[in-house]
Structure formats: structure tokens, C-alpha cells
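# Structural characterization, general
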2 protein chains.
Amino acid sequence: VVTFIDLAGQQPFTPAPGVSMSACWGTGLMANRVEMLPGSEIPLHSHPEEQLGVIIEGELILDVDGEPHPLGPGQAYVVASGFRHGGRAGADGCVLIDVFGPVRADYRDAQLAASSSG
Amino acid sequence: VVTFIDLAGQQPFTPAPGVSMSACWGTGLMANRVEMLPGSEIPLHSHPEEQLGVIIEGELILDVDGEPHPLGPGQAYVVASGFRHGGRAGADGCVLIDVFGPVRADYRDAQLAASSSG
């Protein structure tokens, strides 16, 4: 089966101030379209799911071991399971596609709540 | 650990005429930046990996059970393991991010060959 989702059009959820997420998922894969306003931030955290992301617009500054890694359109990162990381948007904000495997239950539940309220 | 990959900058591989792919992967996740020229096509096929994609630019027309599904920027699709599908680019071509879990070995090997030759 094939499922279609309008990530840009469905009701997003807001896990942190200035950060807007819109997620879809299958059995073992999740994709999350993330919009971050200028200077908005995702604090340091970790999770058991492997994560992979691709920058679409603007700049994301990934924080790894206290070092800033600025990333622009077409650049990607792979974060190993359980590895601590964080990030903030550059001066113009950013849009990125974040991917998780397995599905992140907290983001799935946040999207289901947003979709049913929106 | 965090790995960084310049998907837009590394040497791509070409699985079909007019279709250019640039892949990165971790342990169980792969992301593939796909550029398709106007009218280029990925014939009907299937694979055991689950697949999820997000359109970034232009139009992708996904072929599912003989029905065309036109998708634009911000729209996504989830293809179940083993499900037959294909796609073609619209009149202006398209750019999309395709995601696979587990890692697709054929695309990994094609990227490794492209990167070592480029």
C-alpha cells in the first residue's frame, strides 16, 4: 500500500518555541518536516532511534560535543542511536527533513494530537 | 557519533536516464537526494525496504496500481515493504528526498562506486 500525506499542509505541532514540526510515518520509518524560526533552538537531547536529516532551506547549526556545525541546503547528518545532540536555526531560520528509525512515539503522538485538534 | 554528508555536493549516481541520486546512510536508515529531469522515469519496481519520500521542488507523479498521483513540494508518500510502485517527473522535473529502512544495499553500493570514481 502507498499512503500520501501533505506535510506542508497538515496541522503542525510545536515541540519548542519557534520550532514547527509536521510528521508522517510507516511501520518503521518516520519523516518530519521541521521549520525553525531565526534563532530558535532544540536543546541537547538523545533518543534510541537513529536520526538522519537533510537541510532544505536556510542554515541549521548542529551542536555536537559542544562544537557548532553549520549546515546549509543539501547537507545532511546522521546521528547514531543514543548520541547527545542539539541544534539551532541560523539568522534566516531553516527548513529541514528529519528522519527517524524506528518511529519516534513522542512525535507520532504529538502529530496525532495536532491533527485531531487542527 | 554524528556524520556529515554533502548530498548536493558529492558525486551522484544515475540509476535511470535523467535521474540523479546522492545517498547517505547510517546503520538502519538511508536518505537519498533525487533529482529528476523533466519526463524522466523510475520504472515499476519493488523492494523489501520500507520507503518514504518528501517532494522538495517540482512535481513527481507516483504510479500506484496504474493510477497517477501527482505530488508537489511538501507532499509525502509512504510505500510499504514489497509494494510495487514507479514514478516520473513532471514538466519541470523534480527534487525529492527518499528514505529507506533498512539501508538499500544496491543504492549504497552505487553511491560508494560513484564517490570513489568522482
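Just above sits the structure.
Right, let's walk through the structure included here. On a predicted model such as this, the values are computed, not experimentally measured, just so you know. (Residues numbered from 1 in each chain as written. Chains lettered and ligands numbered in written order. Predicted model: local features only at pLDDT ≥ 70, side-chain atom pairs only at ≥ 80, totals over all residues. Heavy atoms only, no water.)

Within chain A, the secondary structure is distributed over one helix and nine strands. For chain A, the C-alpha atoms occupy an extent of roughly 40 × 30 × 25 Å along the three principal directions. Every one of the 118 residues in chain A was classed for burial, and the buried ones make up 49%. For chain A, the accessible surface area stands at approximately 5,100 Å², while carbon and sulfur atoms represent 52% of it. (Helix = DSSP H or I, 4+ residues; strand = E, 2+ residues; numbered from the N terminus. Buried < 20%, exposed > 50% of the residue type's maximum accessible area, 1.4 Å probe, protein only. Areas by Shrake-Rupley, 256 points an atom, 1.4 Å probe, with all protein chains shown as cover.)

It is worth spelling out the relation of the copies chain A and chain B at this point. The two copies are related by a screw operation: chain A maps onto chain B through 180° of rotation and 0.0 Å of translation along the axis, at an RMSD of 0.0 Å. The superposition of one copy onto the other is thereby described by a two-fold rotation axis. Of the residues that chain A buries at the interface, 100% are likewise interface residues in chain B, meaning the two copies contact each other through the same surface. (Least-squares fit on C-alpha atoms with pLDDT ≥ 70 in both. Contact = heavy atoms within 4.5 Å.)

Here we come to the interface of chain A and chain B. Tallying the contact residues gives 38 residues for chain A and 38 residues for chain B. When chain A packs against chain B, the two sides together hide about 2,900 Å² of surface, and 73% of this comes from carbon and sulfur. Across the contact surface, chain A and chain B share zero salt bridges. Our enumeration of links across chain A and chain B arrives at 16 residue pairs in polar contact (both at pLDDT 80 or more). Counting only elements with at least two residues in the side of chain A that touches chain B, the list comes to β1 (2–6), β3 (19–25), β4 (30–36), β6 (50–64), β7 (67–71), β8 (75–79) and β9 (85–101) of chain A. Top element by residues in the side of chain A that touches chain B is β6(A). It accounts for seven residues. A per-class count over the side of chain A that touches chain B returns 27 nonpolar, nine polar and two charged. Pairing of β1(A) with strand β8 (residues 75–79) of chain B, which is carried by five bridges, proceeds in the antiparallel orientation. Residue pairing in the sheet places Asp6(A) in a bridge with Gln75(B) of β8(B). (Buried area = accessible area lost by both parts, 1.4 Å probe. Salt bridge = Lys/Arg side-chain N within 4 Å of Asp/Glu carboxyl O. Polar contact = N/O pair within 3.5 Å; in protein donor to acceptor, adjacent residues only side chain to side chain. Nonpolar A, V, L, I, M, F, W, Y, C, P; charged D, E, K, R; others polar. Pairing = 2+ DSSP bridges.)

Next up on the list: the pattern of salt bridges. This structure, assessed with the given rule, holds six salt bridges over all chains. Ionic pairing is found between Asp109(A) and Arg108(A), a salt bridge with its closest N-O pair at 3.3 Å. Using a relative accessible area of 41% as the deciding quantity, one classes Asp109(A) as partly exposed. With relative accessibility at 30%, the residue Arg108(A) sits in the partly exposed group. One salt bridge connects Arg104(B) with Asp106(B), and the closest N-O pair in it is separated by 2.7 Å.

This part covers helix α1 (residues 105–117) of chain A. Residues and elements named next belong to chain A. With 13 residues, α1 extends 18 Å from end C-alpha to end C-alpha; this agrees with the ideal 18 Å at 1.5 Å per step. Three or more residues of α1 are buried, namely Tyr107, Gln111 and Ala114. Viewed end-on, α1 has its buried residues packed into an arc of 65°, placing them on one side of the element. The exposed set on the far side of α1, more than 90 degrees from its buried face, consists of Ser116 and Ser117. Buried residues along α1 sit in contact with β2 (13–16), β3, β4 and β9. (Expected span 1.5 Å × (residues − 1). Arc of directions from axis to C-beta.)

Note that all results are geometric; they support no functional claim without further evidence.
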